[in-house]
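Each chain is listed here by its residues.
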Amino acid sequence: MKAMKPYLKLLLILPVLFAVTACEKVSNTAKNIQSDWIGLDRKIEIYSCYTGKVLKTYKGSVRLNPDDKIGGATSFLVDGKKLHTNMCYVVTEIGIKEELSVESTP
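Residues numbered from 1 in each chain as written. Predicted model: local features only at pLDDT ≥ 70, side-chain atom pairs only at ≥ 80, totals over all residues. Heavy atoms only, no water.

(A) Looking closely at the packing of aromatic side chains. Evaluation of the coordinates by the stated rule reveals 1 aromatic pair. Measuring from centroid to centroid gives 5.1 Å for Phe76 and Tyr89, while their planes differ by 85°, and the two rings are edge-to-face. Linking Phe76 in strand β3 (residues 74–78) with Tyr89 in strand β5 (residues 88–93), this pair joins segments that are 13 residues apart in sequence. (Phe/Tyr/Trp six-rings, centres within 6.5 Å; stacked < 30°, edge-to-face > 60°. Helix = DSSP H or I, 4+ residues; strand = E, 2+ residues; numbered from the N terminus.)

Below is the structure:
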């Protein structure tokens, strides 16, 4: 049996590498489509921008509405109802593992 030429090995490896990187892009695109059309199971925490206290928490099927930005305010669709806020907020997808982050001090 003859040894495989180096360029043939490369031709076999390239499609595999492309498929591996393409899978992540396809997965991200699918997640974006689901977010835009259906909504994702998310939690929105509205904070006071001055004190940092949580004022309100919303959970449910949440779609971001980037077309509705007026004067720095943001709009969400939470379970089909519109939430418009100009407060500070954090959006978290429910089901994602949260890990403690430890900041190192020099």
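(B) Quick peek at the state of the cysteines. Applying the stated criterion across every chain yields a total of 1 disulfide. Disulfide pairing is shown between Cys49 and Cys88; the S-S distance is 2.1 Å. The sign of the 125° torsion about the S-S bond sets the Cys49-Cys88 disulfide as right-handed. Of this pair, Cys49 sits in the loop between β1 (40–47) and β2 (54–65) while Cys88 sits in strand β5, and the two are 39 residues apart along the sequence. (Disulfide = S-S within 2.5 Å.)

(C) Spotlight on the environment of Lys56. Mapped onto the secondary structure, Lys56 falls in strand β2. Counting along the chain gives 12 residues from Lys56 to Ile44, while the straight-line C-alpha distance between them is 8.2 Å.

(D) Broad picture of the confidence of the model for the protein. Of the residues in the protein, 66% reach a pLDDT of 70 or more, and the chain-wide mean stands at 76. Within the protein, β1 carries the highest mean pLDDT (90), whereas helix α1 (residues 6–37) carries the lowest (68). (pLDDT = per-residue confidence, 0-100.)

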